[in-house]
2 protein chains.
Amino acid sequence: MSALSDLLAFQKETEALSAIAGRLEWDQETMMPEGAAEQRSEEHAALSSVLHARRIDPRIGDWLEQARGEAQSEAQTAMLRHIRRDYDKTQKVPARLAAEIARVTSVAQGKWAAARAADDFKAFLPWLEQVVSLRQEEGEALADGGDRYDALIDNYEPDMTAAQLGQMFGTMRPRLTALREQVLDRPEPAGLSGSFATDKQMEFTRALAVAFGYDLTRGRLDLSVHPFSSGSGSDVRITTRVSEDDPFNCFYSTIHEVGHACYEQGIDPAYALTPLGHGVSMGVHESQSRIYENQLGRSRAFAGWMFDQMKALFGDIGVADADAFYRAVNRVRKDFIRTESDELQYNLHIMLRFDLERALVSGDLAPADLETAWNDRFKADFGYEVPRASLGCLQDVHWSVGLFGYFPTYSLGNVYAGCLNEALRRDVPDLDAQLAKGDTTAATTWLRSNLQTHGGLYRPEEVVARACGTAPTAEPLIRYIEDKFTALYGL
Amino acid sequence: MSALSDLLAFQKETEALSAIAGRLEWDQETMMPEGAAEQRSEEHAALSSVLHARRIDPRIGDWLEQARGEAQSEAQTAMLRHIRRDYDKTQKVPARLAAEIARVTSVAQGKWAAARAADDFKAFLPWLEQVVSLRQEEGEALADGGDRYDALIDNYEPDMTAAQLGQMFGTMRPRLTALREQVLDRPEPAGLSGSFATDKQMEFTRALAVAFGYDLTRGRLDLSVHPFSSGSGSDVRITTRVSEDDPFNCFYSTIHEVGHACYEQGIDPAYALTPLGHGVSMGVHESQSRIYENQLGRSRAFAGWMFDQMKALFGDIGVADADAFYRAVNRVRKDFIRTESDELQYNLHIMLRFDLERALVSGDLAPADLETAWNDRFKADFGYEVPRASLGCLQDVHWSVGLFGYFPTYSLGNVYAGCLNEALRRDVPDLDAQLAKGDTTAATTWLRSNLQTHGGLYRPEEVVARACGTAPTAEPLIRYIEDKFTALYGL
């Protein structure tokens, strides 16, 4: 056995154990009996401890040294790069700090939920202060003298920096706020009305999942409070939720998660249980969920097909024709909540969070001043006041669990989706004619063969650039949004 | 930290990982997408390897030495006894042999399934020979010069011996074969007929599970090909199956698994994630599933309640009254298959397997002669010929996966159930009046507080003796069967 094969065999076992940990979380959100929560946290802790011990195992360092020059292929070289990267990170973060972050964030999440329910930012503040301080310390440890927010971003989006993101957002913000103002001056389109029984929603959402290429022989669809996708390789499961008076909630959640799941299912099977066997970054992952949900799922062509399907299944759905349905699918409303936002406003929500968390991590913004800073910024970008913290700075779970550097990957996903959409439409000129028949095959096949199949083989920006034939920028996304909403609202 | 607390903390983590492994198997039988089988076997292997490394960890031996005299309670003493027992076993079986058994049995199971489907004992013979030979070797290693079949029995039923079992079966066999002959001379009672839709069966089977005290806030009920119970503590899940023309299949499978599950759910929560937090042996476990299913569930009193419930739910079920229903529930038929057998014939199936596997392990019976030996013995006890191997020596999975010494625990469970039933009826004189109302509370409370709560605290035979106030024998079971079937068949 060579050092390389020893290392890859060790890694394969770690990947398999990590897949089990993921399935345990899936079980917790979908199947676990309510009374099992306490026992489950013991199980989770035991498996986490096994995984942690493997990730810091000093043999990894030895194998990496001995395996220099042993890689025989592009794939093996990429595998070693991922393993080196993860191992170096574990070496930089002291065990005490890692344990403290795990301890504090697991408590802080509950404190956040209670504070949000009570609309009481001050109740959450002491916990936010601890989490920010710990992540600052982690960023410092990871940064090697560089920028600590960059180091945190790198946990979710390797090689991306706050400077690049800041520039990207700088291009987007004025054009999106201007368009938003124009759109909100126009009359609000009607939404759906009718009777949307749970079993019929589940029947149609399953049909949508299949229509977008989700392979149910290597996955399954269940219900959970918050929809998610989980797993890799041949076991990639998704969840959705049903609200009887808002069927789009279920349908577009499903299409979104199908995008994530198809990315995982689309990776070259040769990479299964290796570091290449997962989506390469949060941003690239989100590009798949977004292009499925938005550029394909909310297109005029696909909406036309969907209108016919829904009318056949649910009867009168309260909108007269496919055009009205398309307007309902893409309705822009004054609101506060990121997760319920539309394509036009979504990125404004993210820019707000990006600037605030960047300032929190650098120390320019004290956690105590977050609520005021949030509300001021929201007023500036959206034009109206945040009435309470649950509609403002307490709306998202992310900061309570320590996810600093994660939010911008959502917008990066949108930007990548904009680029991919442009390239896809260039390569498949009659795409709309296909989507109008509910046929996504050409689109999903293009995404699979140009991007999904590569898994972790290339770096994030590189895999998007290869698929598009050009380096990604925000321009295609902005153009797409401007064209779409200008036409939709007759501007 | 003392050696004792170190050891128990280590053990707790092992128990938690082992619970995860159990849940992974549950997932495989109930939820896993079909395409995930190969990846799942990698996951399973990775977790097994982690668990194996923990079980042979030499620190356990050191801690056990240092912890001598540290146990402060009966429970701690019992925990150390379990840990010592398991550790000593791992020390006696060479790693090479353990790995070879795992490898061969995982292949042999598939070979058995194919041979059974083709009714071809000879196709399975080479694999049976390997499995027998490996288990002989394992028994030899475990036996320390004692009897190797005893050593294998001890894996499932600590402290039980083939000699004791042989004596028990010796008492039962002539009386059961004689009774069987008399019963089969009488006209066969009618079975059910009617329409038993899957959703209604699931509705009623869920009601039955609750009626027998299964706590769905710490468990769940799903479908699988073969019903089973899985898990301990606050997460104990059961499965059932539905055959639309045979509702008893679903209902009595459910009650049986509820017996197993209630045992696990009934254990003192203080023992969770310790070696005392599981049923203490296969025999005691089976005593719970059997008393729920048979002595309670197939009693005249409970059958009366069940008849009313089923009539209300399904309409005409093809039997005129509660007495006819009771006869249908306890119908004795000429058949070949153990798992479909009734209370009267079931133990005869076990005795046959016990004698044959004892002879296989000792070497008195060559695997090549198994089919003939099986068919001869079946003719002697049941009075008719076995027409093909799938109805004979290939019907059970057990030997293919190496379970030698397991079969007798089924009958031991019946014997224990007979003793417990006698003691229960002594302590709860109006039990039948309660069962006639579908109320099992007194029975299940008695079983929980007298037996289930103890988990692994006492040795198997001891926990039954404590519950009954007297050492268990086969006599109560035989009397119960004789009384029941003599009355049922008007003998």
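Calculation rules
Residues numbered from 1 in each chain as written. Chains lettered and ligands numbered in written order. Predicted model: local features only at pLDDT ≥ 70, side-chain atom pairs only at ≥ 80, totals over all residues. Heavy atoms only, no water. Least-squares fit on C-alpha atoms with pLDDT ≥ 70 in both. Contact = heavy atoms within 4.5 Å. Buried area = accessible area lost by both parts, 1.4 Å probe. Salt bridge = Lys/Arg side-chain N within 4 Å of Asp/Glu carboxyl O. Polar contact = N/O pair within 3.5 Å; in protein donor to acceptor, adjacent residues only side chain to side chain. Helix = DSSP H or I, 4+ residues; strand = E, 2+ residues; numbered from the N terminus. Buried < 20%, exposed > 50% of the residue type's maximum accessible area, 1.4 Å probe, protein only. Pairing = 2+ DSSP bridges. Axes fitted to C-alpha atoms, helices over the stretch in contact; angles between N-to-C directions. Parallel < 35°, antiparallel > 145°, perpendicular 65-115°, else oblique. Nonpolar A, V, L, I, M, F, W, Y, C, P; charged D, E, K, R; others polar. Expected span 1.5 Å × (residues − 1). UniProt positions renumbered as here; feature names shortened; annotations may be inferred. Phe/Tyr/Trp six-rings, centres within 6.5 Å; stacked < 30°, edge-to-face > 60°. Domains from an automatic or database assignment.

**Some details on the relation of the copies chain A and chain B**
Related by rotation about an axis and a shift along that axis, the two copies of the chain form a pair. Rotating chain A by 180° about the axis while translating it 0.1 Å along that axis superimposes it on chain B, leaving an RMSD of 0.1 Å. Taken together, the rotation and translation relating the two chain copies correspond to the operation of a two-fold axis. Looking at the interface residues of chain A, 100% of them are also at the interface in chain B, so both copies use one shared face.

**Brief notes about the interface of chain A and chain B**
Accessible area lost upon the coming together of the parts is a frequently used measure of interface size. On the chain B side, the residues contacting the 36 residues of chain A number 36 residues. Between chain A and chain B, a total of about 2,800 Å² is buried, with carbon and sulfur atoms accounting for 58% of that surface. Where chain A packs against chain B, one counts eight salt bridges. Residue Glu43 of chain B is joined to Arg23 of chain A by a salt bridge in which the shortest nitrogen-to-oxygen separation is 2.6 Å. On inspection of chain A and its partner chain B, the count reaches 15 residue pairs in polar contact (both at pLDDT 80 or more). Mapped onto the side of chain A that touches chain B, the elements with two or more residues apiece are α1 (3-30) and α2 (37-55) of chain A.

**Comments concerning the side chain of Glu293 of chain B**
Residue and element names in this part refer to chain B. Relative to the elements of secondary structure, Glu293 occurs in helix α11 (residues 282-296). With relative accessibility at 11%, the residue Glu293 sits in the buried group. The contact partners of Glu293, leaving out residues within four places of it in the chain, are Tyr252, Ile255, His256 and Arg298.

**Topic: the sheet that holds strand β1 (residues 221-223) of chain A**
Across a sheet, strands are paired by hydrogen bonds formed along the backbone, either parallel or antiparallel in direction. Residue and element names in this part refer to chain A. Taken together, the three strands give an open sheet; going across it, the order is β1-β3-β2, and neighbouring strands pair in mixed fashion. Because the sheet does not close on itself, it has two edges, and the strands there are β1 and β2 (229-230). Where β1 lies against strand β3 (residues 237-240), three bridges are found, and the strand directions are parallel. Looking across to β3, one finds that Leu221 is bridged to Ile238.

**What to know about the packing of α1 of chain A against helix α2 (residues 37-55) of chain B**
Interaxial distance between α1 of chain A and α2 of chain B falls to 8 Å at its minimum, and their mutual angle equals 100°. Taken as axis vectors, α1 of chain A and α2 of chain B run roughly perpendicular relative to one another. For the pair α1 of chain A and α2 of chain B, the contacting residues are Lys12, Glu13, Ala16, Leu17, Ala19, Ile20 and Arg23 of chain A in the first and Gln39, Arg40, Glu42, Glu43, Ala46, Leu47, Ser49 and Val50 of chain B in the second. Its residues assigned to classes, the contact of α1 of chain A with α2 of chain B shows seven nonpolar, two polar and six charged.

**Description of the side chain of Ser232 of chain B**
Secondary-structure assignment places Ser232 of chain B in the loop between β2 (229-230) and β3 (237-240). For Ser232 of chain B, a relative accessible area of 17% puts it in the buried group. In terms of polar contacts, Ser232 of chain B uses its side chain to reach the side chain of Glu264 of chain B, at 3.0 Å. Dropping the residues within four chain positions of it, Ser232 of chain B is found in contact with Gln39 of chain A together with Glu264, Gly277 and His278 of chain B.

**Section: helix α14 (residues 343-362) of chain B**
Residues and elements named next belong to chain B. End to end, α14 covers 30 Å across 20 residues, agreeing with the expected 28 Å (1.5 Å per residue, within 8%). The buried fraction of α14 amounts to 17 of the 20 residues, a majority that puts the element mostly inside the structure. One side-chain oxygen at the N-terminal end of α14 lies 3.0 Å from the backbone nitrogen of Leu344; it belongs to Asp342. At the C-terminal side of α14, Gly363 shows a positive phi close to 95°.

**Points about the environment of Asp483 of chain A**
Residue and element names in this part refer to chain A. With respect to the helices and strands, the residue Asp483 is situated in helix α20 (residues 475-488). For Asp483, a relative accessible area of 54% gives the class exposed. It is 39 Å that separates the C-alpha atoms of Asp483 and Ala113, two residues lying 370 residues apart in sequence.

**Observations regarding the pairing of β3 of chain A**
Residue and element names in this part refer to chain A. Of the two faces of β3, the one carrying Arg237 and Thr239 and the one carrying Ile238 and Thr240 are both buried. Bridge count between β2 and β3: two bridges; the pairing is antiparallel. When the bridges of β3 are listed, Ser229 appears paired with Ile238. What sits between the antiparallel neighbours β2 and β3 is a turn of six residues, in which Gly231 has the positive phi angle 100°.

**As for the UniProt feature "active site" (unreviewed entry) in chain A**
Residue and element names in this part refer to chain A. Mapped onto this structure's residue numbering, the UniProt feature "active site" (unreviewed entry) falls at Glu257. Tracing the sequence through the fold places Glu257 in helix α10 (residues 247-266). Glu257 gets classed as buried once you look at its relative accessible area, which sits at 8%. Here Glu257 is in contact with Pro227, Phe228, Ser229, Ile238 and Thr239, once residues within four sequence places are set aside.

**So, the UniProt feature "binding site: Zn(2+)" (unreviewed entry) in chain A**
Residue and element names in this part refer to chain A. According to UniProt, the "binding site: Zn(2+)" (unreviewed entry) feature falls on His256, His260 and Glu286. For this annotated set, covering 31 residues, all C-alpha atoms fall within 8.8 Å of each other, a compact arrangement in space. Classification of His256 as buried rests on a relative accessible area of 13%. Ignoring any residue separated from it by four or fewer positions in sequence, one finds His256 in contact with Glu286, Ser289, Arg290 and Glu293. Exposure remark for Glu286: the relative accessible area of 5% places this residue in the buried category. Glu286 has contacts with His256, His260, Thr409, Tyr410 and Gly413, leaving out every residue within four places of it along the chain. Of the polar contacts made by the side chain of Glu286, one reaches the side chain of His260; its length is 3.4 Å.

**Some words on the packing of aromatic side chains**
Given two aromatic rings, their pairing is described by the distance between the two centres and the angle made by the two planes. Throughout the structure, instances matching the rule amount to 48 aromatic pairs over all chains. Look at Phe248 of chain B and Tyr252 of chain B: their rings are 5.8 Å apart centre to centre, the planes differ by 65°, and that puts the pair in the edge-to-face class. Separated by four residues within a single helix, Phe248 of chain B and Tyr252 of chain B lie in helix α10 (residues 247-266), roughly one turn from each other. Across the pair, Tyr252 of chain B and Phe248 of chain B agree in class, each one buried. Centre to centre, the rings of Phe251 of chain B and Phe314 of chain B are 6.3 Å apart; their planes meet at 35°, and the pair counts as tilted. Residue Phe251 of chain B is found in helix α10, and its partner Phe314 of chain B is found in helix α12 (residues 300-314); the two are separated by 63 residues along the sequence. Among the aromatic residues, those joined into a cluster by ring pairs are Tyr156, Tyr346, Trp374, Trp399, Phe404, Tyr406, Phe407 and Tyr410 of chain A.

**Some details on the domain arrangement of chain A**
Residues and elements named next belong to chain A. Domain assignment breaks chain A into domain 1 (1-92) and domain 2 (101-491). Just the C-alpha atoms count here: the centres of domain 1 and domain 2 sit 27 Å apart. Contact with domain 1, which involves 20 residues of that partner, is made by 28 residues of domain 2. Carbon and sulfur atoms make up 59% of the area that domain 1 and domain 2 hide from each other, which totals about 2,100 Å².

**Description of the sheet that holds β2 of chain B**
The strand order across the open sheet built from three strands is β1-β3-β2 (chain B), with neighbouring strands paired in mixed fashion. The open sheet has two edge strands, β1 (221-223) and β2 of chain B, and neither has a second partner.

**A closer look at unusual backbone geometry**
Residues and elements named next belong to chain B. The backbone phi angle of Asp144 is positive, close to 50°, even though this residue is not glycine. Within the secondary structure, Asp144 sits in the loop between α6 (121-143) and α7 (148-156). Its identity as a non-glycine residue notwithstanding, Leu273 has a phi of 55°, on the positive side. Summarising the element assignment, Leu273 is placed in the loop between α10 and α11.

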